[in-house]
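# Examining the three-dimensional arrangement
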Amino acid sequence: MVIKFGMVPNGVHYDKVIPVDDIFQGEFTNYNSFVEFVLQRNNMALARTFYFPASFSSVQAIKDPQIQILISNVFCSSQVNVKMNSYSLTLNAKYPAIFVYIELILENHPDIKHYKFSKNGFMMTSSSCVLHLEFEAKECVRLNAKDFKIMTVNQFMKL
């Protein structure tokens, strides 16, 4: 369900209070659903946040998202005494994932000291998303799916 309303700059509309019972009806309840709020301008998402009406410990119907990671693009450029490595990663999930956190396992790549993902600790509500990884190393580094550890809140809940 999509509920749209406009806001004036720096304004709050107190008449736009939407009772939770108006949102969750029928098969959708406080215990098996959540709300995603998206702030948009000209059809471009500026920010998003989520509302969970129940505590995570009481949530029902949480499933293992079965996230798979695919390396979709690799680029390595030479700079003075260092190689800038860039990866595009595609994550695919069968179910929504609550707070996806990704780590690059550095044990097999001691040359990598610091790395940066374009996003981390995020809600994955669509079946796929693309994120980017950048790091510096002495050489161009070849990574594969086994070099990543993916965790979600889902795995710590009763499934």
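Calculation criteria
- Residues numbered from 1 in each chain as written.
- Predicted model: local features only at pLDDT ≥ 70, side-chain atom pairs only at ≥ 80, totals over all residues.
- Heavy atoms only, no water.
- Core = buried A, V, L, I, M, F, W, Y, C linked by side-chain atoms within 4.5 Å.
- Buried < 20%, exposed > 50% of the residue type's maximum accessible area, 1.4 Å probe, protein only.
- Helix = DSSP H or I, 4+ residues; strand = E, 2+ residues; numbered from the N terminus.
- Pairing = 2+ DSSP bridges.
- Axes fitted to C-alpha atoms, helices over the stretch in contact; angles between N-to-C directions.
- Contact = heavy atoms within 4.5 Å.
- pLDDT = per-residue confidence, 0-100.
- Disulfide = S-S within 2.5 Å.
- Phe/Tyr/Trp six-rings, centres within 6.5 Å; stacked < 30°, edge-to-face > 60°.
- Lys NZ or Arg CZ within 6 Å of the ring centre and 35° of its normal.
- Polar contact = N/O pair within 3.5 Å; in protein donor to acceptor, adjacent residues only side chain to side chain.

### Considerations on the nonpolar core
Core analysis: the largest hydrophobic core is formed by 22 residues, its most contacted members being Leu91, Met124, Leu133 and Phe148. Mapped onto this core, the elements with two or more residues apiece are strand E4 (82–92), strand E5 (97–104), strand E7 (122–124) and strand E8 (128–137). With 5 residues, the top contributor of residues to this core is E8.

### A word on the sheet that holds strand E9 (residues 148–151)
Pairing is antiparallel in the open sheet, where 3 strands are placed in the order E7-E5-E9. This sheet does not close on itself; its edge strands, each paired only once, are E7 and E9. Across the sheet, the mean angle from the axis of one strand to that of its neighbour is 40°, orientation sign disregarded. With 4 bridges joining them, E5 and E9 adopt antiparallel strand pairing. Within E9, the position partnered with Ile102 by the bridge is Ile150.

### Brief notes about the environment of Val130
With respect to the element layout, Val130 can be found in strand E8. Beyond its immediate sequence surroundings of up to four residues, Val130 is in contact with Leu89, Thr90 and Lys119.

### Observations regarding the confidence of the model for the chain
Across the chain, the average pLDDT comes to 86, with 89% of residues at 70 or higher. Within the chain, the element-level pLDDT minimum falls on helix H1 (residues 20–23), averaging 80, and the maximum on strand E6 (residues 115–117), averaging 97.

### Topic: the state of the cysteines
Following the criterion strictly, the structure yields 1 disulfide and no others. One disulfide bridge connects Cys76 with Cys140, the sulfur atoms lying 2.0 Å from each other. The sign of the S-S torsion, about -85°, decides the handedness of the disulfide formed by Cys76 and Cys140: left-handed. Placement of Cys76 in strand E3 (residues 68–79) and of Cys140 in the loop between E8 and E9 is noted, with a sequence separation of 64 residues between them. Here Cys140 falls in the partly exposed class, since its relative accessible area comes to 47%.

### Considerations on the packing of aromatic side chains
Remark: the centre distance and the inter-plane angle together describe each pair of aromatic rings, the angle taken between the planes. Applying the stated rule across the entire model yields 6 aromatic pairs. Seen from their ring centres, Tyr87 and Phe135 are 6.1 Å apart, and the 15° between their planes marks the pair as stacked. With Tyr87 in strand E4 and Phe135 in strand E8, this residue pair connects regions lying 48 residues apart in the sequence. Directly above the ring of Phe122 sits Lys119, whose terminal nitrogen or CZ lies 4.6 Å from the centroid.

### Here we look at the side chain of His109
Looking at the element boundaries, His109 is found in the loop between E5 and E6. Residue classification places His109 among the buried residues on the basis of a relative accessible area of 13%. For His109, the side chain forms a polar contact with the side chain of Asp147, separated by 3.2 Å. Those residues in contact with His109 that lie beyond four places of it in its chain are Val141, Arg142, Leu143 and Asp147.

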